[in-house]
Amino acid sequence: MLDIRQRTGYLFLAVMVAQVILVSAQVQSKSGVRILSLVTFEAFSHLERAASGGISGTRGVWDRYVALRGLRSENDELKKELASLQVKLQEEHALAERTTKLQELLDLKTEAGLPTIAAEVIAGNPNPGMRTITIDRGSADGVQADMSVIGPAGVIGRVVGPPARHAARVQLLIDRNAAAGALTERARAGGMVVGMDADPPLRMELVSNLADVKVGDAVIASGVDGIYPKGFRIGRVERSERGNGLYRTITVRPSVDFSSLEEVLVVLVPPRPATRDEGSK
Amino acid sequence: MKTLAVLLALAGALVLQTTLAGLMTGGRLAVNLVLVAVVYLALAYGPVTGMLAGAAGGLAQDALAGAIVGIGGLSKTLVGFLVGILGAQFIVSTALPRFVMFVSATLLHELVFQALDALLQSRGFAPQYMAVLLQAVCNGVVGVAAFLIVENGPDVLARRRMRRASFAKRRF
């Protein structure tokens with residue numbers, strides 16, 4: 001007969017081996033345990049929404065009735081209006097840029113404004129090292145995987161994984177696994193912006209040492225990744241130095257304040273296949 | 001009853017963790033409440049509960065995080081099991097040894113978790129030492145506080161109730 005210590009050891013081994021198999025299956029197939037992940041996410045999104053609702057309710061009572069009595073709600077309205085105008089301005093800016101380029105190429109295609117849906121942030125990531133958020137819009141609202149998420153100040157991130165019916169997970173651009181096609185607005189130097197665990201939290205890679213990139217240059221989405229809408233602001237160059245190899249060392253300060261995300265906009269345009277050289281056109 | 005308590009503790013820790021993380025989206029939350037719950041359960045109930053709580057909490061955390069499901073599960077299973085074994089071998093009933101246990105468990109967890117993550121995502125192993133240390137200390141403080149509340153909370157409440165009752169008797 002097995003004694004208790006032996007049985008505990010066997011149980012420990014069994015649990016570990018089962019999880020190693022689980023991890024191996026995902027690494028091999030690259031598909032992940034979608035169902036387990038989706039079911040847990042779906043079930044938990046209701047709890048998260050309730051918890052977030054409780055906190056917003058308490059905050060709302062304090063802000064609207066105790067602290068400011070009315071002034072706060074007017075301010076909120078004005079902020080919303082300003083946010084929507086800023087998004088419109090960015091859209092116009094991006095559209096104007098695009099039009100100039102397209103005219104140069106005698107391409108007369110016109111693009112309509114981006115269809116978006118507003119969403120509220122209801123939770124963060126349970127793993128302290130990962131930078132994702134959960135929003136209260138899901139497949140029932142037309143949200144799909146890889147749709148981009150923007151805000152009045154610029155690009156925020158993209159929807160990752162299959163969304164639940166009324167919730168979706170958004171990977172922030174500053175997450176260490178996130179990346180976006182980008183170019184500098186002034187010199188049109190193309191590259192890729194990636195997130196990192198540092199300050200500032202963005203780095204622009206694959207920009208040639210020959211490119212003219214200066215501190216303060218605006219960095220915008222190039223659209224080559226097929227996810228982020230072209231022309232939307234990512235941030236400003238904070239450091240630009242000649243690198244040892246072929247590429248420059250560039251750090252970027254994001255234009256979005258990621259520490260206080262409450263409402264975001266999901267761009268309801270399904271991702272298209274990435275293109276090769278759109279950024280430099 | 002014990003199973004229900006374990007599940008409630010893990011679910012509560014997960015909800016609180018995601019809610020707190022949602023309030024500070026850009027920063028790195030300096031506490032891992034699911035890990036605190038796993039270590040607490042391992043110290044309170046032993047290696048089997050610690051290991052199973054670690055597996056369940058870790059898998060749920062992975063599934064919610066959108067990461068590879070099993071990395072957190074593996075690291076928390078290991079931590080829960082080891083803490084349970086050590087808790088049964090040594091006297092861990094005062095604040096200091098408990099704090100040391102929470103801090104060591106966090107360091108071990110982060111080491112295993114980040115090494116596995118780097119290996120599976122084909123990335124260099126470059127842990128943020130200060131962030132890990134800060135998380136270890138925060139987990140230690142929260143864990144010790146949880147023990148104090150669970151162990152002394154009912155007594156404090158009972159004493160307050162008795163004091164109120166004796167005041168009421170004196171008045172009338």
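Small disclaimer: the values here were computed from a predicted structure and weren't measured.

Visitor: Can you lay out the overall build of chain B for me, pointing to particular residues and giving the numbers?
Guide: Assigned secondary structure in chain B consists of six helices and zero strands. Listing each helix as α and each strand as β along chain B from the N terminus yields α-α-α-α-α-α. By principal-axis analysis of the C-alpha atoms, chain B measures approximately 75 × 40 × 30 Å. The burial tally for chain B puts 47% of its 172 residues in the buried class.

Visitor: Requested: an account of the nonpolar core, with residues and values cited.
Guide: Residues I234 and V266 of chain A are the most contacted members of the largest nonpolar core, which totals 42 residues. Of the residues forming this core, the biggest block, four residues, is contributed by strand β12 (residues 263-267) of chain A. Counting residues in hydrophobic clusters, the runner-up holds 33 residues, among them V15, V39, L41 and A60 of chain B.

Visitor: So what's going on with the side chain of S75 of chain B? Which residues, and what values?
Guide: Residue and element names in this part refer to chain B. As for its position among the elements, S75 is in helix α4 (residues 71-89). A polar side-chain atom of S75 sits 2.8 Å from the main-chain carbonyl oxygen of I71. Not counting chain neighbours up to four residues away, the residues in contact with S75 comprise H109, V112 and F113.

Visitor: Would you mind going over the environment of M204 of chain A in detail, with residue names and values included?
Guide: Residue and element names in this part refer to chain A. Within the secondary structure layout, M204 lies in strand β8 (residues 202-205). Classification of M204 as buried rests on a relative accessible area of 1%. The spatial distance from the C-alpha of M204 to the C-alpha of A140 is 35 Å, given a sequence separation of 64 residues. Setting aside chain neighbours within four positions, we find M204 in contact with A182, L183, T184, A189, G190, G191, M192, V193, V219, R248, I250 and V252.

Visitor: Give me the lowdown on the pattern of salt bridges, citing residues and values where you can.
Guide: Residue and element names in this part refer to chain A. Throughout the structure, instances matching the rule amount to 11 salt bridges over all chains. Between R186 and D212 there is a salt bridge, and its shortest N-O distance comes to 2.8 Å. Note that R186 is positioned in the loop between β6 (179-184) and β7 (190-195) and D212 in the loop between β8 and β9 (218-221), a separation of 26 residues in sequence. We classify R186 as partly exposed; its relative accessible area is 43%. E238 is paired through a salt bridge with R253; the nearest N and O atoms lie 2.8 Å apart.

Visitor: Pulling in residues and values, what's your account of the sheet that holds β8 of chain A?
Guide: Residue and element names in this part refer to chain A. Reading around the circumference, β6-β7-β8-β11-β10-β9 is the order of the six strands in this closed barrel, with antiparallel pairing throughout. Strand-to-strand twist of the sheet, defined as the mean angle between neighbouring strand axes without regard to direction, takes the value 40°. Taken together, the four bridges between β7 and β8 define a ladder with antiparallel strand orientation. When the bridges of β8 are listed, V193 appears paired with M204.

Visitor: Account for the packing of helix α2 (residues 33-45) of chain B against helix α3 (residues 47-65) of chain B, naming residues and giving values.
Guide: Working note: a packed helix pair is described by the angle between its axes plus the distance between those axes. Residue and element names in this part refer to chain B. The interhelical angle for the contact between α2 and α3, taken along N-to-C directions, is 165°, at an axis separation of 8 Å. Classed by the angle they form, the pair α2 and α3 counts as roughly antiparallel. Crossing handedness for the pair α2 and α3: right-handed. Contacts between α2 and α3 involve V34, V38, L41, A42 and Y45 from the first element and T49, G50, A53, G54, G57 and Q61 from the second. Broken down by class, the residue content of the contact of α2 with α3 amounts to six nonpolar, five polar and no charged.

Visitor: Now, about the interface of chain B and chain A: what can you tell me, with residues and values included?
Guide: The extent of an interface is frequently quoted as the accessible surface area lost upon association of the parts. With 47 residues of chain B in contact, the opposing surface of chain A contributes 44 residues. Both faces considered, chain B and chain A share a buried interface measuring about 3800 Å² in area, 67% of it formed by carbon and sulfur atoms. Inspection of the chain B/chain A interface yields one salt bridge. In this structure, D117 of chain B and R176 of chain A form a salt bridge, with 3.1 Å as the shortest nitrogen-oxygen distance. Summed over the shared surface of chain B and chain A, the number is eight residue pairs in polar contact (both at pLDDT 80 or more). Residue assignment for the side of chain B that touches chain A shows that the elements contributing at least two residues are α1 (2-23), α3, α4 and α5 (95-120) of chain B. Per-element tally for the side of chain B that touches chain A: the top contributor is α3 of chain B, with 12 residues.

The rules behind the values
- Residues numbered from 1 in each chain as written.
- Chains lettered and ligands numbered in written order.
- Predicted model: local features only at pLDDT ≥ 70, side-chain atom pairs only at ≥ 80, totals over all residues.
- Heavy atoms only, no water.
- Helix = DSSP H or I, 4+ residues; strand = E, 2+ residues; numbered from the N terminus.
- Buried < 20%, exposed > 50% of the residue type's maximum accessible area, 1.4 Å probe, protein only.
- Core = buried A, V, L, I, M, F, W, Y, C linked by side-chain atoms within 4.5 Å.
- Polar contact = N/O pair within 3.5 Å; in protein donor to acceptor, adjacent residues only side chain to side chain.
- Contact = heavy atoms within 4.5 Å.
- Salt bridge = Lys/Arg side-chain N within 4 Å of Asp/Glu carboxyl O.
- Pairing = 2+ DSSP bridges.
- Axes fitted to C-alpha atoms, helices over the stretch in contact; angles between N-to-C directions.
- Parallel < 35°, antiparallel > 145°, perpendicular 65-115°, else oblique.
- Left-handed = near helix turned anticlockwise from the far one by under 90°.
- Nonpolar A, V, L, I, M, F, W, Y, C, P; charged D, E, K, R; others polar.
- Buried area = accessible area lost by both parts, 1.4 Å probe.

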